[in-house]
Number of protein chains: 2
Amino acid sequence: MSNPTAAMIVIGDEILSGRTQDTNSNYLAGQLTLMGVDLKEIRVVSDDKVQIISAVNRLRMKYTNVFTSGGIGPTHDDITADCIAEAFGVSIDIRSDARAALAKNYENPEIELTEARLRMARIPDGAELIDNPVSKAPGFSIENVHVMAGVPTIFKAMLAGLLPKLTSGQEILSENINLKMKEGDIANHLGLIAQENPDTSIGSYPYYTNGAFGCNLVVRSPDADRVQQVAALIRKTFSED
Amino acid sequence: MSNPTAAMIVIGDEILSGRTQDTNSNYLAGQLTLMGVDLKEIRVVSDDKVQIISAVNRLRMKYTNVFTSGGIGPTHDDITADCIAEAFGVSIDIRSDARAALAKNYENPEIELTEARLRMARIPDGAELIDNPVSKAPGFSIENVHVMAGVPTIFKAMLAGLLPKLTSGQEILSENINLKMKEGDIANHLGLIAQENPDTSIGSYPYYTNGAFGCNLVVRSPDADRVQQVAALIRKTFSED
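Keep in mind that this is a model prediction, so the values were computed, not measured.

Considerations on the nonpolar core
Formed by 98 residues in total, the largest nonpolar core has its most connected members in Ile9(A), Val56(A), Ile84(A), Ile9(B), Val56(B) and Ile84(B). Those residues in contact with Val56(A) that lie beyond four places of it in its chain are Ile9(A), Val66(A), Cys83(A), Ile84(A), Ala87(A) and Val145(A).

Thoughts on the interface of chain A and chain B
Each partner contributes residues to the interface: chain A has 49 residues there, and chain B has 48 residues. Counting only elements with at least two residues in the side of chain A that touches chain B, the list comes to α1 (13-16), α2 (24-34), β2 (38-45), α7 (115-118), α8 (152-162), α9 (183-196) and β10 (201-209) of chain A. Of the residues assigned to the side of chain A that touches chain B, the class counts are 19 nonpolar, 20 polar and 10 charged. Here β2(A) pairs with strand β2 (residues 38-45) of chain B via five bridges, running antiparallel. Within β2(B), the residue paired with Val45(A) across the bridge is Glu41(B).

Some points on the sheet that holds strand β7 (residues 139-142) of chain B
The 12 strands lie next to each other as β6(A)-β7(A)-β8(A)-β3(A)-β1(A)-β2(A)-β2(B)-β1(B)-β3(B)-β8(B)-β7(B)-β6(B), forming an open sheet whose pairing is mixed. Two strands lie at the open edges of the sheet, namely β6 (128-130) of chain A together with β6 (128-130) of chain B, each paired on one side alone. Looking at each pair of strands side by side, their axes are set apart by 20° on average, direction ignored. Pairing between strand β1 (residues 5-11) of chain B and β2(B): seven bridges, direction parallel.

A few points about the pairing of β7(B)
Residue and element names in this part refer to chain B. Neither face of β7 is exposed, since Gly-139 and Ser-141 on one face and Phe-140 and Ile-142 on the opposite face are all buried. As judged from the three bridges shared by β6 and β7, these two strands associate in the antiparallel manner. Residue pairing for β7: Ile-130 is matched across the bridge by Gly-139. Strand direction decides the pairing type here: β7 and strand β8 (residues 145-148), joined by three bridges, are antiparallel. Paired with Phe-140 across the bridge in β8 is Val-147. Hairpin geometry of β7 and β8 is characterised by an intervening segment of two residues between the two adjacent antiparallel strands and by a positive phi of about 45° at Glu-143.

Focus on the domain arrangement of chain A
For chain A, the assigned domains are domain 1 (5-165) and domain 2 (173-239). A straight line from the C-alpha centre of domain 1 of chain A to that of domain 2 of chain A covers 37 Å.

Re the relation of the copies chain A and chain B
At an RMSD of 0.0 Å, chain A and chain B line up after a rotation of 180° and a shift of 0.0 Å along the axis. Seen this way, the second copy is the image of the first under a two-fold rotation axis. Closest approach to the rotation axis within chain A is made by the C-alpha atom of Arg43(A), at a distance of 2.2 Å. Both copies share a contact surface, since 98% of the interface residues of chain A are interface residues in chain B too.

Quick look at the packing of helix α3 (residues 49-62) of chain A against helix α4 (residues 80-88) of chain A
Residues and elements named next belong to chain A. At a minimum axis separation of 9 Å, α3 and α4 run at an interaxial angle of 50°. Comparing their axes, α4 and α3 come out oblique. When you trace α3 past α4, the crossing you get is right-handed. Two secondary-structure elements touch here, α3 through Lys-49, Ile-52, Ile-53, Val-56 and Asn-57 and α4 through Thr-80, Cys-83, Ile-84, Glu-86 and Ala-87. Class assignment of the residues belonging to the contact of α3 with α4 gives a composition of six nonpolar, two polar and two charged.

Thoughts on unusual backbone geometry
In this structure, Glu143(A) takes a positive phi of about 50° despite not being glycine. For Glu143(A), the position within the fold is in the loop between β7 (139-142) and β8 (145-148). On the basis of neighbour count, Glu143(A) is assigned to the exposed category, with 12 C-beta atoms found within 10 Å. Of note, the phi angle at Lys136(B) is positive, near 75°, even though the residue is not glycine. By the secondary structure assignment, Lys136(B) is in the loop between β6 and β7. Here Lys136(B) falls in the partly exposed class, since 17 other C-beta atoms lie within 10 Å of it.

Reading the values: rules and limits
Residues numbered from 1 in each chain as written. Chains lettered and ligands numbered in written order. Predicted model: local features only at pLDDT ≥ 70, side-chain atom pairs only at ≥ 80, totals over all residues. Core = buried A, V, L, I, M, F, W, Y, C linked by C-beta atoms within 7 Å. Buried ≥ 20, exposed ≤ 12 C-beta atoms within 10 Å, placed from the backbone. Contact = placed C-beta atoms within 7 Å. Helix = DSSP H or I, 4+ residues; strand = E, 2+ residues; numbered from the N terminus. Nonpolar A, V, L, I, M, F, W, Y, C, P; charged D, E, K, R; others polar. Pairing = 2+ DSSP bridges. Axes fitted to C-alpha atoms, helices over the stretch in contact; angles between N-to-C directions. Domains from an automatic or database assignment. Least-squares fit on C-alpha atoms with pLDDT ≥ 70 in both. Parallel < 35°, antiparallel > 145°, perpendicular 65-115°, else oblique. Left-handed = near helix turned anticlockwise from the far one by under 90°.

As structure tokens, then:
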């Protein structure tokens, strides 16, 4: 049985202009790895209807889960919920459960729930709410698409409620071997080890710090024994020469 | 005249597993904004031939420039150059100029240029080399696709040589207004300001820090006067009430 898969869509001009460094996809990636869901693809798209709808429709057909972050706030540039409704061909309107969740954030909801804020209670027909313990405005899941806020604190809090409800897979275990050697000096042997151990995946991640090259070798497999065996073989090959 | 466009493809399992936070796309985004090239899309894909080729072929048809990072080292998991050759339907082999560039990194190139290292001199037919002042192994441009290393220091150094050769556009200027107010309290007025100033783009980026909400409003336009006018209007509307 292969693991469930996933894609992430990060929505926001601020990422594409370089103003903001996206960290939500890295956080999601780590969480999914722990629960055995394989993140296959991340896309960052702008606050543009055509781009959002096309990414959602392409990726939801291809992967078990699609996660989005960004564009569900109260301002004019928050268009994600409408795009999702359009992608699924369903209607969208203020929903009483979402309105009730949102109201909890305000002392005087009758006054404070402005027209702008009520935009955050607009939920595509058939979606299920995702709890937002930080600022109450909910996210939502529709079929296999999970729509969350872009603010990292809120994104994480929403994920904490959502992930336990999703189907998990076999956790991919890994071991990291740091070598103060250049990749070119280990590549031949490492290639052979990779070839002889095709049930594990071996990645080589070079770095360059303070004028010196090194690399991290990462052995991955759902089988703890195999990870250990291959990691030991790599250590023996390169450290004890 | 609209600005040239761009897409970025980040290649690497280590990003999708959450092991590594990609920072190259954020750096590229900032550089492109300064030179008036609109970054429209970022995709992160795994070290998988089908995924890399399909992303390259899709995006190179759609945008003026495509930048890739990752997968051009000497190890078995470095498959980017081969994928690019296949995407363009051209052959790939060790090229003498790339070999000569690479050789500069070694005191005894005849011995140190191992078979693995020579993989880094394999260049798709018709490509132009991108200089690598850090570790010599070159990147390359083929038509509108620019292939660079994933190690951030090297990625930045390659870009420094490449970007001045590309067609630039009109720089999009921006001004940031930080408000210690909730988005919901400004959304109605802000939406009106956005509607009345459609020649500028106004983004609202909420944050949540130390238990308090705030937002950054960013006004963007190639016209410095208009940025200033609209930013002043926003300041007046929300700060002097």
